[in-house]
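Each chain, letter by letter, is given below.
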Amino acid sequence: MLAAALAAVLFAVVQPGVGPRPTTPPAADAQRLRADVKRLSVDFYPRSYDRPENLDRVAAWLREEFERAGARVEYQPVTVEGQAYRNVVARFGPDTGPLRVIGAHYDSYADTGADSGDERGYSPRTHTPGADDNASGVAGLLELARMLGRAPPAQSIELVAYTLEEPPHFRSEHMGSAWHARALRESGREVEFMLSLEMIGRFSDRPGSQTYPLRGMHRLYSDRGDFVVVVGRLSDFGLSRRVKARMAGASPLPVHSINAPPLLVQGVDFSDHLSYWREGFPALMIGDTAFLRSRRYHQADDTFETLDYARMAQVVQGAYAVATQP
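The structure presented is a predicted model; accordingly, all values stated were derived computationally and were not measured.

Draft legend 1. Looking closely at the environment of Gly-149. The topology assignment puts Gly-149 in helix α4 (residues 131-150). Given a relative accessible area of 30%, Gly-149 falls into the partly exposed group. In this structure the C-alpha to C-alpha distance between Gly-149 and Ser-271, which are 122 residues apart in sequence, comes to 27 Å.

Here's what the structure looks like:
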């Protein structure tokens, strides 16, 4: 009985035996990804909630890039504590039918209670550059837009760049993704799935570079940070298998998955997909495991030079396959 129970848990959590479903997505441009991450983390620095003027600049630039790619674009107003912010929504495919949402937050972390040591009131010590977190995910959205623009999809797709994912609004009803999810629920629109691109640029082949929230998990996965992970709730088990298979078939990059309760495994609900769960939509996170892999998480050295753009491009190709295939 114990062995059967353990096997059932293993099957539900790790999802072994999901074979790749081969596709031939167009190649994502690693150099363009690098340029976009640099633009976000250097030219628009800092992108934190207390610098709304910079977030406005980012939103305007994202709109221009999405429109250049061929999307139908609009701002979604987000007003928090009297301050105006904006989500940027880029649409591809038909206006009707089940909707596929892929999103990433464009704001970055700031410790506004700390002394920056800079007369401007901020420095990388307090306001991080946020290259992996989450310029990488937003650059992935922009590259997806270019790929979708070159071959318009048969599916209805929204790419959404969210504001206010980071503290002090993290996990709250003020997150930009919460505003978007609530609007979808109020509209009655059918949402097939939502994918959150949350830190997709940090990889390592060094043994011991990957850590886990629970002892022994490395035996189920890998002790090297050389993979991308698909993260979901137990109720999104079938969707996780589908996404894992599509991503694994789109590039040589290893793809692992986990479906687990947030109370059991820390980090399962640590991004914008949480907002969609709260509104009853199926949603997953795609990422590099954040602080479980990177010592640069929410640090001054989360800079554009430190990311792996070749493997990041493979993540984007996997996301494209998920977005465009049945």
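Draft legend 2. Here's a closer look at the packing of helix α2 (residues 30-43) against helix α3 (residues 52-69). Orientation of α2 relative to α3, taken along the N-to-C sense of each, is 160 degrees, at an axis distance of 11 Å. When the interaxial angle is binned, α2 and α3 end up roughly antiparallel. For the crossing formed where α2 meets α3, the hand is right-handed. Between α2 and α3, the contacting residues are Arg-32, Asp-36, Arg-39, Leu-40 and Asp-43 on the first element and Arg-57, Val-58, Trp-61 and Glu-65 on the second. The residue makeup of the contact of α2 with α3, split by class, is 3 nonpolar, no polar and 6 charged.

Draft legend 3. Region of interest: the packing of aromatic side chains. As enumerated under the stated definition, the model contains 7 aromatic pairs in all. Geometrically, the ring pair formed by Tyr-162 and Tyr-276 is tilted, given 6.4 Å between the ring centres and 50 degrees between the ring planes. Remark: Tyr-276 occurs in helix α7 (residues 273-278) and Tyr-162 occurs in strand β4 (residues 156-162); sequence separation between them is 114 residues. Residue classification places Tyr-162 among the buried residues on the basis of a relative accessible area of 0%. Here Tyr-276 falls in the buried class, since its relative accessible area comes to 0%. Here Tyr-212 and Tyr-221 contribute two aromatic rings whose centre-to-centre distance is 5.8 Å and whose plane-to-plane angle is 20 degrees, an arrangement assigned as stacked. We classify Tyr-212 as buried; its relative accessible area is 18%. The exposure class assigned to Tyr-221 is buried, which follows from its relative accessible area of 14%. The rings of Phe-170, Phe-270, Phe-291 and Tyr-297 are connected pair by pair, giving a single aromatic cluster. The aromatic ring of Tyr-75 is capped on one face by Arg-63, whose charged end is 4.7 Å from the ring centroid. The ring centre of Tyr-75 lies 4.0 Å from the NZ or CZ of Arg-86, which sits over that ring.

Draft legend 4. Seen up close, the pairing of strand β2 (residues 83-92). Bridge count between strand β1 (residues 72-80) and β2: 9 bridges; the pairing is antiparallel. Counterpart to Gln-76 in the pairing with β2 is Asn-87. Hairpin connection between β1 and β2: a loop of 2 residues separates the two successive antiparallel strands, and Glu-81 in this loop has a positive phi of roughly 50 degrees. Bridge analysis of β2 against β4 gives 5 bridges, and the strand direction is antiparallel.

Draft legend 5. Region of interest: the side chain of Arg-146. Among the secondary structure elements, Arg-146 is positioned in helix α4. A distance of 3.0 Å separates polar atoms of two side chains, one belonging to Arg-146 and the other to Asp-36. Residues contacting Arg-146, with those up to four places away along its chain left out, are Arg-32, Asp-36, Glu-65 and Ala-69.

Draft legend 6. Broad picture of the sheet that holds β4. Here we have 8 strands laid out as an open sheet, ordered β1-β2-β4-β3-β5-β8-β6-β7, and mixed in their pairing. Looking at strand neighbours, the two that pair on one side only are β1 and β7 (255-259), the edges of this open sheet. Across this sheet, the average inter-strand angle for adjacent strands is 20 degrees, counted without regard to direction. Strand direction decides the pairing type here: strand β5 (residues 191-198) and strand β8 (residues 283-287), joined by 5 bridges, are parallel. Directly across from Met-194, in β8, lies its bridge partner Ala-283. The sheet strands contacting α3 are β1, β2 and β4, and the helix crosses β2 at an angle near 15 degrees. The strands that α4 touches are β2, β3 (99-105), β4 and β5; relative to β3, the one it contacts most, it runs at about 140 degrees.

Cut-offs and rules
Residues numbered from 1 in each chain as written. Predicted model: local features only at pLDDT ≥ 70, side-chain atom pairs only at ≥ 80, totals over all residues. Heavy atoms only, no water. Helix = DSSP H or I, 4+ residues; strand = E, 2+ residues; numbered from the N terminus. Buried < 20%, exposed > 50% of the residue type's maximum accessible area, 1.4 Å probe, protein only. Axes fitted to C-alpha atoms, helices over the stretch in contact; angles between N-to-C directions. Parallel < 35°, antiparallel > 145°, perpendicular 65-115°, else oblique. Left-handed = near helix turned anticlockwise from the far one by under 90°. Contact = heavy atoms within 4.5 Å. Nonpolar A, V, L, I, M, F, W, Y, C, P; charged D, E, K, R; others polar. Phe/Tyr/Trp six-rings, centres within 6.5 Å; stacked < 30°, edge-to-face > 60°. Lys NZ or Arg CZ within 6 Å of the ring centre and 35° of its normal. Pairing = 2+ DSSP bridges. Polar contact = N/O pair within 3.5 Å; in protein donor to acceptor, adjacent residues only side chain to side chain.

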